[in-house]
Amino acid sequence: MSKLKTMFNLMKKKDNQKLKIAFMHNFSRSKISRLVPDKKYIGMWYKAVFGRKIDLKNPKTYNEKLQWLKIYNRNPEYTKLVDKQEVKKHIADKIGEKYVIPTLAVWDSVDDINIDSLPEQFVLKCTHDSGSIYICTDKTKFDLKAVKEGLRKKLKYNMYWWGREWPYKNVKPRIIAEKYMVDESGTELKDYKFFCFGGKAKYLFVATDRYNPDEETKFDFFDLEFNHLPFTNGHPNANRKIEKPKGFDKMVELAEILSENMPHARVDFYDINGEVYFGEITFSHWNGLVPFEPEEWDYKLGKLINLSGESIVKE
């Protein structure tokens, strides 16, 4: 509490955006933050990042509308769709099992992990959060003890409390082992992430260098003609040309099927030599808390989200 109090006092004395964001990061980890209602908490985060109050009565930007959706769109189906294991059943039923990366095992506890039952290469991840991914390409070099420590901490963490993304609140924390996959590069698995609005794909970005310890992750945005777009969001562009994947048209088709009757969803896929695999569905890209540069793209994407449609499910 003393650290939070010191930071809060500094914030009152000077307008320092970096300090405000640092305060919110620390505040979000504190138990006292859970006493703050979603609407007020989201408003605090938004002002810290964008330097202005959020307008929930007349939201205009993409990030502003994502905050509105976090507060007001409470579709109970979304909980299943953000669960990394449960969503696989939905995907298999909706578009076919061939698009699902095989699950090798599911465990409720770190102590249940049986690495001997897994092949030489595999991926471990939590079902209830984002980013807890551990890739094993060689069992003899895989530090299982360290991985278990990391997973144990993740299993105790409810991602809802950080950004108030409602779908994550009631996801059961588990661990899954998945088949290890790489694309044509032989070293990585590029993500193709489609921004869909009312069931129509409009833009995408390609994530590269995600698991390269020597490189920062790269995001490159494209339209559906695969023209590179002149903006960034959270990460820089790659310093190499991104080629249109063989399965691009199929990914667009599937993204639109999976985002039917949703005001907005980001639907992610992998392409391995033309074979398409589902990645995940996300309803709040970057939690709606990362600026676009230049800012005009925040408004351009915001115009595509319809907040008055029948797909909005309020409590």
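**Remarks on the sheet that holds strand 4 (residues 175–179)**
One open sheet accounts for four strands, arranged 1-4-2-3; its pairing is antiparallel. Lying at the two open borders of the sheet, with one neighbouring strand each, are strand 1 (103–107) and strand 3 (133–136). For this sheet, the mean inter-axis angle between neighbouring strands, taken without regard to orientation, is 15°. With five bridges connecting them, strand 2 (residues 122–126) and strand 4 associate as antiparallel partners. By the bridge assignment, Lys125 is partnered in strand 4 with Ile176.

**Some words on the pairing of strand 8 (residues 265–272)**
Most of strand 8 is tucked away, with eight of its eight residues classed as buried. Relative to strand 8, strand 5 (residues 191–197) runs antiparallel, the two sharing six bridges. Within strand 8, the position partnered with Phe194 by the bridge is Val267. Relative to strand 9 (residues 275–282), strand 8 is paired through seven bridges, and the arrangement is antiparallel. Its bridge partner being in strand 9, Phe269 is matched across the sheet by Phe278. Connecting the antiparallel pair strand 8 and strand 9 is a turn made up of two residues, with Asn273 showing a positive phi of about 50°.

**Things to note about the packing of helix 2 (residues 17–28) against helix 3 (residues 38–50)**
Any two packed helices are characterised by how steeply their axes cross, that is the angle between the axes, and by the distance between the axes. For the pair helix 2 and helix 3, the least separation of the axes is 8 Å and the interaxial angle reads 150°. Compared by their axis directions, helix 2 and helix 3 come out roughly antiparallel. Crossing of helix 2 over helix 3 shows left-handed handedness. Each of Gln17, Lys20, Ile21, Met24, His25, Phe27 and Ser28 in helix 2 lies in contact with helix 3, whose residues at this interface are Tyr41, Met44, Trp45, Ala48, Val49 and Phe50. In terms of residue class, the contact of helix 2 with helix 3 is built from nine nonpolar, three polar and one charged.

Parameters and conventions
Residues numbered from 1 in each chain as written. Predicted model: local features only at pLDDT ≥ 70, side-chain atom pairs only at ≥ 80, totals over all residues. Heavy atoms only, no water. Pairing = 2+ DSSP bridges. Helix = DSSP H or I, 4+ residues; strand = E, 2+ residues; numbered from the N terminus. Axes fitted to C-alpha atoms, helices over the stretch in contact; angles between N-to-C directions. Buried < 20%, exposed > 50% of the residue type's maximum accessible area, 1.4 Å probe, protein only. Parallel < 35°, antiparallel > 145°, perpendicular 65-115°, else oblique. Left-handed = near helix turned anticlockwise from the far one by under 90°. Contact = heavy atoms within 4.5 Å. Nonpolar A, V, L, I, M, F, W, Y, C, P; charged D, E, K, R; others polar.

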